[in-house]
Amino acid sequence: MIPEQEVLPANSGLIFNLRLRFSAIAKNGAARFGLPFALLFACLPPLLAAYYIRTYGVNVIQWDEWDLVKFFDSWYSGTLTLKELFAQHNEHRTFFGRLFLMGLGHLTHLNTKAAMWASFGALCLLALLLYRLTTPKGTNLKTAIIRFVPISWLVFNWNQSENLLWGFQFQLVLMVLAVAVAVYGLTRSTGLDRFFWLAVISGIVASYSFANGLLIWPVGLAQILWQRYWRGNRGVRLFRPQALSWSLIAGAVYALYLFDYKTGPQHPSMLSFLQHPLLAVGHFLVYLGTPLGTDLNSSMAMGALLLTVYGCLAVALLANLSLLPTAQRDQLSGGFSLLLFTLLSG
């Protein structure tokens, strides 16, 4: 089975939170610290993550990685089918992640450390993309890097040790990266342009890499609605073809995902939170707070704190959003999309 790895989605929401909190102090920080120190603090987390993989990564197949062996058997015997590649893994359809891991395994003779480094590479791409998403145009380089420091520490958080040391988890990292690319594409899109189709392709990759990726479709539609509202008359012209195309593609993605879908006996009902509401709330808070917690109780406390901060920041931003130029409102739409994806993933 795939153990719950909630750190990466929670990091996505924390990024929006911390970007706003650090915006006000980044200018003062830029005056106190030189560019080399800012670069050092921003680059230290990926260096430490690389050291972590190099030191503790072991080339041993474990748990769900054994499922890949049967795909190699089918591949090498010439019996591999598209249906087999598209088959469920628990509640997930890991088509794209499965293809990547098979190709990588073929090139490396199924060296599991290669998949760990692939996850590391995907995290680096995610960090660079989030830097782009959270840095307004014209921002001083030193200020932008100081703002990016907390993002870097969260993306390469050691609390997600299994994501770093278990190559099979590349599929989860790929999903989060694809979600971020989709959000970025919608932020830059001004119609049915290349950025819109980049978002569509990324949404499909996210959906068929890990089940949480299916959330990009309602989140993306909410982002399109946001941008339509704040772009005024120009947004009205862009909204209908974007929203219609996005919704139709989403429907096709969901229909294909649910075709011949089977619920495993080990999976609880989707309505189980109604039967155990306190347990569900506790799980949600731990999910949010895990990147900053050291144990169950501290993670729950941090989750409650972050949820409160999220709410206060959202109310304050929405109250003053009309004062911002359109470009900044579009950029904030990406942040709210990441936050919404984070909350729905819980």
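For the structure, check the block above.
Below: a short report on this structure. (Residues numbered from 1 in each chain as written. Predicted model: local features only at pLDDT ≥ 70, side-chain atom pairs only at ≥ 80, totals over all residues. Heavy atoms only, no water.)

### Things to note about helix α9 (residues 170-188)
(1) Moving on: A rise of 1.5 Å per residue sets the reference length of α9, with its 19 residues, at 27 Å; its end C-alpha atoms lie 27 Å apart and thus fit the reference within 8%.
(2) Moving on: Along α9, 18 of the 19 residues are buried, which leaves the element largely enclosed by surrounding structure. (Helix = DSSP H or I, 4+ residues; strand = E, 2+ residues; numbered from the N terminus. Expected span 1.5 Å × (residues − 1). Buried < 20%, exposed > 50% of the residue type's maximum accessible area, 1.4 Å probe, protein only.)

### With respect to a nonpolar patch on the surface
(1) Moving on: Nonpolar side chains collect at one region of the surface, where Phe-37, Leu-40, Phe-41, Leu-48, Tyr-51, Trp-153 and Trp-158 lie side by side and expose about 710 Å² of accessible area between them.
(2) Moving on: Take the nonpolar patch: its biggest share by element is 5 residues, from helix α2 (residues 35-56).
(3) Moving on: Note on placement: Leu-48 falls in helix α2. (Patch = residues over 30% accessible without salt bridge, like charges linked within 9 Å, V, L, I, M, F, W, Y side chains within 5 Å. Areas by Shrake-Rupley, 256 points an atom, 1.4 Å probe, with all protein chains shown as cover. Salt bridge = Lys/Arg side-chain N within 4 Å of Asp/Glu carboxyl O.)

### Remarks on helix α10 (residues 194-207)
(1) Moving on: The terminal C-alpha atoms of α10 lie 20 Å apart, and with 14 residues this matches the ideal 20 Å at 1.5 Å per residue to within 8%.
(2) Moving on: Buried within α10 we find Phe-195, Phe-196, Ala-199, Val-200, Ser-202, Gly-203, Val-205, Ala-206 and Ser-207.

### A short note on unusual backbone geometry
Among all residues save glycine, negative phi is the norm, and among peptide bonds the norm is trans.
(1) Moving on: Look at Trp-63: it is not a glycine, yet its phi comes out positive at around 45 degrees.
(2) Moving on: Here Trp-63 is to be found in the loop between α2 and α3 (66-77).
(3) Moving on: Of note in the backbone geometry, Leu-110 takes a positive phi value of approximately 60 degrees without being a glycine.
(4) Moving on: By secondary structure assignment, the location of Leu-110 is in the loop between α5 (95-108) and α6 (112-133).

### Observations regarding the side chain of Glu-65
(1) Moving on: Secondary-structure assignment places Glu-65 in the loop between α2 and α3.
(2) Moving on: Despite its burial, Glu-65 pairs with no opposite charge; the closest candidate is Lys-113, at 12 Å N-O.
(3) Moving on: Excluding residues within four positions of it along the chain, Glu-65 makes contact with Val-60, Thr-112, Trp-166, Gly-167 and Phe-168. (Lys, Arg positive; Asp, Glu negative; His and termini not counted. Contact = heavy atoms within 4.5 Å.)

### What to know about the pattern of salt bridges
Side-chain pairs of opposite charge can arise where the charged atoms are in close proximity.
(1) Moving on: Counted under the stated rule, the structure contains 1 salt bridge.
(2) Moving on: A salt bridge links Lys-262 to Asp-260, with the nearest nitrogen and oxygen atoms 2.8 Å apart.
(3) Moving on: The exposure class of Lys-262 is exposed, given its relative accessible area of 52%.

### Side note on the packing of α5 against α9
(1) Moving on: Close contact between α5 and α9 brings their axes to 9 Å; oriented N to C, the two are set at 125 degrees. Classified by the interaxial angle, the pair formed by α5 and α9 is oblique. The handedness of the crossing between α5 and α9 comes out as right-handed. In this structure, α5 contributes Phe-96, Gly-97, Arg-98, Phe-100 and Leu-101 to the contact, and α9 contributes Phe-170, Gln-171 and Leu-174. (Axes fitted to C-alpha atoms, helices over the stretch in contact; angles between N-to-C directions. Parallel < 35°, antiparallel > 145°, perpendicular 65-115°, else oblique. Left-handed = near helix turned anticlockwise from the far one by under 90°.)

### Structural notes on the packing of aromatic side chains
(1) Moving on: For the coordinates displayed, the defined rule picks out 22 aromatic pairs.
(2) Moving on: For the pair Phe-284 and Tyr-287, a centre-to-centre distance of 6.1 Å together with 35 degrees between the ring planes defines the contact as tilted. Remark: Tyr-287 and Phe-284 occur in helix α14 (residues 277-289); sequence separation between them is 3 residues, near one turn of the helix.
(3) Moving on: Owing to a relative accessible area of 1%, Tyr-287 belongs among the buried residues under this scheme.
(4) Moving on: Cluster of aromatic residues (ring-pair linked, three or more members): Phe-86, Phe-95, Phe-96, Tyr-208, Tyr-257 and Tyr-261.
(5) Moving on: When the ring centre of Tyr-257 is taken as origin, the NZ or CZ atom of Arg-93, which lies over that ring, is 5.6 Å away. (Phe/Tyr/Trp six-rings, centres within 6.5 Å; stacked < 30°, edge-to-face > 60°. Lys NZ or Arg CZ within 6 Å of the ring centre and 35° of its normal.)

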